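One letter stands for each residue in the lines below.
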Amino acid sequence: MINKNNFIWNKQYQLFEKNKSVGIRYPTEALVIFVSTLRKNKFNYFSDQGKEYSTNNNFKGKALEIGFGSVANLIMLNEKGFRCYGAEVSKEAVKRGNITLKKKKLTKNISLKTFKNNKLIYKKNYFDLVCGLQCIYYNLDLKKFLEKNVYKVLKPGGKFIFSFFAKDHTYIKYTKKLTKNIAYFTKNHPNKRLIGAQFYFTQNKKKLLENFKVFKKVRLFHTKSNQTIFNESWWYVVGEK
């Protein structure tokens, strides 16, 4: 079924305006905040007063975004100092992403490629940061993907952030369950391009966190917005290797 999901996403990106970047044009706020606060002293949050810029930027190391769609997040991470890599199931997203990077003269700083069969082809202990926003749940065997791929490519101490549909997200109204933790978007979904896509879903936070047992310092936070016609409700899971 992962191949059907791949087809759906590749088709969706092909329907964007010709030669234009797909998806978001600006980075995801939750990711910006997460990275910008990595160096914050959790016991004295404002101890960096007078040197906030240096705390929030000038990072070193490598960052990977899984399912980047648009390259907006990768550009932001590169601006913060990371050497960036993007992995996508969609050849169309990679093609259009490279067009954007070429225009911005960032091809030496950000590398994009497709991945197949739920396998990330990178060296072990390679990345300081791995993120996957509004995408990681399309890996239906989520626990296996995290343990066999994300854990492998992260350096010891490397950080991660992933997002998942919360149970009160509007999109969940347009789903049916195939199995206990696999759902799909039904024909009445308002975004017709997503119909049939299957994804990992649980309404239980503890159940979701069980997929991250091999990692350390795992926690979940929640963001919610009704700024558009949809109630966009997301669970974010963060932690480290």
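Please refer to the structure placed before this passage.
Criteria and thresholds
Residues numbered from 1 in each chain as written. Predicted model: local features only at pLDDT ≥ 70, side-chain atom pairs only at ≥ 80, totals over all residues. Heavy atoms only, no water. Phe/Tyr/Trp six-rings, centres within 6.5 Å; stacked < 30°, edge-to-face > 60°. Buried < 20%, exposed > 50% of the residue type's maximum accessible area, 1.4 Å probe, protein only. Lys NZ or Arg CZ within 6 Å of the ring centre and 35° of its normal. 1 Å grid on protein atoms, 1.4 Å probe; cavity = no way out; pocket = protein on both sides within 12 Å on 5 of 7 lines; lining within 4 Å. Points joined across faces, edges and corners; volume = space filled by probe spheres on them. Helix = DSSP H or I, 4+ residues; strand = E, 2+ residues; numbered from the N terminus. Nonpolar A, V, L, I, M, F, W, Y, C, P; charged D, E, K, R; others polar. Pairing = 2+ DSSP bridges. Axes fitted to C-alpha atoms, helices over the stretch in contact; angles between N-to-C directions. Contact = heavy atoms within 4.5 Å. Disulfide = S-S within 2.5 Å.

S.K.: Help me understand the packing of aromatic side chains, please; the structure alone is not making it clear to me.
M.R.: Each aromatic ring pair is summarised here by two numbers: the centre-to-centre distance and the angle between the ring planes. Counted under the stated rule, the structure contains 29 aromatic pairs. Relative to F162, the ring of F160 has its centre 5.5 Å away and its plane inclined at 25°; by these criteria the two rings are stacked. Relative accessible area serves as the criterion here: at 0%, F160 is assigned to the buried category. Across the ring face of Y122, the terminal group of K113 is positioned such that the distance to the ring centre comes to 4.3 Å. Directly above the aromatic system of F16 lies the positively charged group of R193, at a separation of 5.6 Å from the ring centroid.

S.K.: I keep staring at the layout of surface pockets and nothing clicks. Help me out?
M.R.: The gaps of empty space that remain are located by a probe, the size of a water molecule, rolled over the atoms. Of the pockets and cavities examined, the second largest pocket occupies roughly 250 Å³. Every residue lining the second largest pocket is listed: S21, I24, R25, P27, S70, V71, A72, I75, M76, E79, T100 and K104. At four residues, the largest contribution of residues to the lining of the second largest pocket is made by helix 4 (residues 72-79). Each residue belonging to the lining of the second largest pocket can be placed in one class, and the counts come to six nonpolar, three polar and three charged.

S.K.: What am I meant to see in the sheet that holds strand 4 (residues 127-132) here?
M.R.: Strand pairing in a sheet relies on backbone hydrogen bonds, with the paired strands running either antiparallel or parallel. Read from one edge to the other, the open sheet built from seven strands follows the order 3-2-1-4-5-10-9, with strand pairing classed as mixed. One side of each edge strand has no neighbouring strand; the edge strands of this open sheet are strand 3 (110-114) and strand 9 (216-225). Across the sheet, the mean angle from the axis of one strand to that of its neighbour is 15°, orientation sign disregarded. Bridging between strand 4 and strand 5 (residues 154-165) involves five bridges; their strand directions are parallel. In the strand pairing of strand 5, V130 is matched with F160. Of the strands in this sheet, strand 1 (62-66), strand 2 (83-88), strand 3 and strand 4 touch helix 4, which is tilted by about 165° from strand 2. Lying over the sheet, helix 5 (residues 91-103) contacts strand 2 and strand 3, oriented at roughly 160° with respect to strand 3.

S.K.: Any chance you could explain the state of the cysteines here in plain terms?
M.R.: What is meant by a disulfide is a covalent connection between two cysteines, made through their sulfur atoms. Within the structure shown, the criterion is met by zero disulfides. C84 forms no disulfide, and the closest cysteine sulfur to it belongs to C131, at a distance of 8.3 Å. In this structure C84 comes out as buried when scored by relative accessible area, which is 0%. With no disulfide of its own, C135 has C131 as its nearest cysteine by sulfur position, at a separation of 8.2 Å. The exposure class assigned to C135 is buried, which follows from its relative accessible area of 12%.

S.K.: What exactly am I supposed to notice about unusual backbone geometry here?
M.R.: What you tend to see is this: most non-glycine residues have negative phi, and most peptide bonds are trans. Positive phi is not limited to glycine here, since K105 has a value of about 55°. One can find K105 in the loop between helix 5 and strand 3. Assessed through its relative accessible area of 75%, K105 is described here as exposed.

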